[in-house]
Amino acid sequence: MKERPILFSEQRVRALLIGQQTQTRRIMKTQAFGPGQDYHEGVHAFDVSANHLHGYKLMSMADISSHCPFGQVGDRLWVRETWRGPIVPEEQLAEYERDPLPFRTPAFCQYRADSNELGQLDEDVQHAEQFGWQTAIHMPRWASRIDLAITSVRAEKIQDISEDDIMAEGVQTDTHFLNNFFTMNMNAESPKEAYRKAWQKQYGATSWEVNPWVWVIEFQRVEREG
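Predicted model, so just to flag it, every value in this text is computed and none were measured.

Cut-offs used in this document
Residues numbered from 1 in each chain as written. Predicted model: local features only at pLDDT ≥ 70, side-chain atom pairs only at ≥ 80, totals over all residues. Heavy atoms only, no water. Buried < 20%, exposed > 50% of the residue type's maximum accessible area, 1.4 Å probe, protein only. Core = buried A, V, L, I, M, F, W, Y, C linked by side-chain atoms within 4.5 Å. Helix = DSSP H or I, 4+ residues; strand = E, 2+ residues; numbered from the N terminus. Contact = heavy atoms within 4.5 Å. Pairing = 2+ DSSP bridges. Arc of directions from axis to C-beta. Expected span 1.5 Å × (residues − 1). pLDDT = per-residue confidence, 0-100. Salt bridge = Lys/Arg side-chain N within 4 Å of Asp/Glu carboxyl O. Phe/Tyr/Trp six-rings, centres within 6.5 Å; stacked < 30°, edge-to-face > 60°. Lys NZ or Arg CZ within 6 Å of the ring centre and 35° of its normal.

## Side note on unusual backbone geometry
Okay, so step 1: A cis amide bond links glycine 85 to the next residue, proline 86, at an omega of 0°.
Okay, so step 2: Look at asparagine 211: it is not a glycine, yet its phi comes out positive at around 55°.
Okay, so step 3: Accessibility expressed as a relative area gives 14% for asparagine 211, which makes it buried.

## Some points on the nonpolar core
Okay, so step 1: Among the nonpolar cores identified, the biggest contains 20 residues, and Phe8, Phe70, Leu77, Val79, Leu148, Trp215 and Ile217 are the most heavily contacted of them.
Okay, so step 2: At the level of elements, α1 (10-17), β6 (76-80), β9 (147-157) and β10 (213-222) are the ones that each hand at least two residues to this core.
Okay, so step 3: Look past the residues within four positions of leucine 148 in its chain and what remains in contact with it is Phe8, Leu16, Asp75, Arg76, Leu77, Val79, Phe219, Gln220, Arg221 and Val222.
Okay, so step 4: Listed in part, the 9 residues of the second largest apolar core include Ile166, Tyr195, Trp208 and Val214.

## Considering the pairing of strand β2 (residues 23-27)
Okay, so step 1: Of all 5 residues making up β2, 4 are buried, and the element is well covered by its neighbours.
Okay, so step 2: Here 5 bridges tie β2 to β10, and the two strands are oriented antiparallel to one another. Opposite arginine 26, over in β10, you have tryptophan 215 as the bridge partner.

## Description of the environment of alanine 136
Okay, so step 1: One can find alanine 136 in the loop between α4 (123-126) and β9.
Okay, so step 2: Classification of alanine 136 as buried rests on a relative accessible area of 13%.
Okay, so step 3: Residues alanine 136 and threonine 82, 54 residues apart in the sequence, show an inter-C-alpha distance of 4.4 Å.
Okay, so step 4: Beyond its immediate sequence surroundings of up to four residues, alanine 136 is in contact with Leu7, Arg80, Glu81 and Thr82.

## Examining α1
Okay, so step 1: What α1 keeps buried is the set Arg12, Val13, Ala15 and Leu16. Looking straight down α1, one finds that the buried residues subtend no more than 160° of arc, so they occupy a single side.
Okay, so step 2: Summarising the contacts, the buried residues of α1 are in contact with β2, β6, β9, α6 (191-203) and β10.
Okay, so step 3: Glycine 19 lies just past α1 and shows a positive phi near 80°.

## Considering α6
Okay, so step 1: An ideal rise of 1.5 Å per residue puts 18 Å on 13 residues; α6 measures up with 18 Å between its terminal C-alpha atoms.
Okay, so step 2: Those residues of α6 that sit buried are Pro191, Ala194, Tyr195, Arg196, Ala198, Trp199 and Gln200.
Okay, so step 3: On its buried face, α6 is in contact with β2, α5 (163-168) and β10.

## A short note on the confidence of the model for the chain
Okay, so step 1: The share of residues in the chain with pLDDT of 70 or more is 69%, and the mean pLDDT across the chain is 79.
Okay, so step 2: Within the model, pLDDT remains below 50 along residues 52-60, and this stretch shows 16 contacts once partners closer than five positions in the same chain are excluded.
Okay, so step 3: With pLDDT under 50 throughout, residues 175-186 is counted as low confidence; its partners more than four residues away or in other chains account for 32 contacts.

## A word on the environment of proline 140
Okay, so step 1: By the secondary structure assignment, proline 140 is in the loop between α4 and β9.
Okay, so step 2: On the basis of relative accessibility, which here comes to 23%, the residue proline 140 falls in the partly exposed class.
Okay, so step 3: Taking the C-alpha atoms as reference points, proline 140 and proline 5, 135 residues apart in sequence, are found 9.2 Å from one another.

## Considering the pattern of salt bridges
Okay, so step 1: Taken as a whole, this structure holds 15 salt bridges when the rule is applied.
Okay, so step 2: Two residues, glutamate 81 and arginine 145, come together in a salt bridge whose shortest N-O distance is 2.9 Å. One end of the pair, glutamate 81, is in the loop between β6 and β7 (83-84); the other, arginine 145, is in the loop between α4 and β9, and 64 residues separate them in sequence.
Okay, so step 3: With a closest N to O distance of 2.6 Å, glutamate 193 and arginine 196 form a salt bridge. Taken together, the positions of glutamate 193 and arginine 196, both in helix α6 and 3 residues apart, correspond to about one turn of that helix.
Okay, so step 4: On the accessibility criterion, glutamate 193 (23% relative accessible area) is partly exposed.
Okay, so step 5: Sharing partners across several salt bridges, the network here consists of Arg12, Arg25, Arg154, Glu156, Asp165, Glu169 and Glu218.

## A few points about the packing of aromatic side chains
Okay, so step 1: According to the stated counting rule, one finds 7 aromatic pairs in the structure shown.
Okay, so step 2: Between tryptophan 199 and tyrosine 203 the ring centres are 4.3 Å apart and the planes differ by 40°, which places this aromatic pair in the tilted class. Here the residue tryptophan 199 and the residue tyrosine 203 both occupy positions in helix α6, the gap between them amounting to 4 residues, near one helical turn.
Okay, so step 3: Exposure remark for tryptophan 199: the relative accessible area of 3% places this residue in the buried category.
Okay, so step 4: The ring of tryptophan 133 is capped by arginine 84, whose NZ or CZ atom sits 4.0 Å from the centre of that ring.
Okay, so step 5: The side chain of arginine 145 reaches across the aromatic face of tyrosine 111, ending 4.1 Å from its centre.

So, in structure tokens, the structure goes:
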């Protein structure tokens, strides 16, 4: 089993925490494979910019999926999100100065996805404003609070997403149709329309029309041991 980091926005983190998101799609980069990787001799490439197989034809999309940079079934992903910490209560500062290592855990961190709940934190913690928010890309492993186990990996075009998969990406239909990730002011007529608008907002106005190949990563949240 291998572990890899993966970035999630604050809205998506909220969906993960309440169990509404069990899939994510990430744009695929051109894949190149050399000899000795279960293919015929020569170099095999999946040219995602041209949307076709280039060079020797691969046997199936499973050949592509086996090279997903996010991992394979059974591997783990640890979520990077906007955070700050460690936040140490005043009564524990002396202990922290003696040995900071025990405080490098999610229990002593704040996460901006929970910012609407900060008023519930202890007063001493609220006053620790000297710790500014850190961008997700800079989150170390010890600060991550969400682990995901990969259950499936495949490749597909973004426009091929099914309505069930849109639900698995975080859309729900029973409470005003949209959840925290798919904002209600998009005036979408359907789940797929909401997903399209959210995709364009994240990746650019033409990102849906070009219909890029994406990695489809299915996962389930797993509890930390210990």
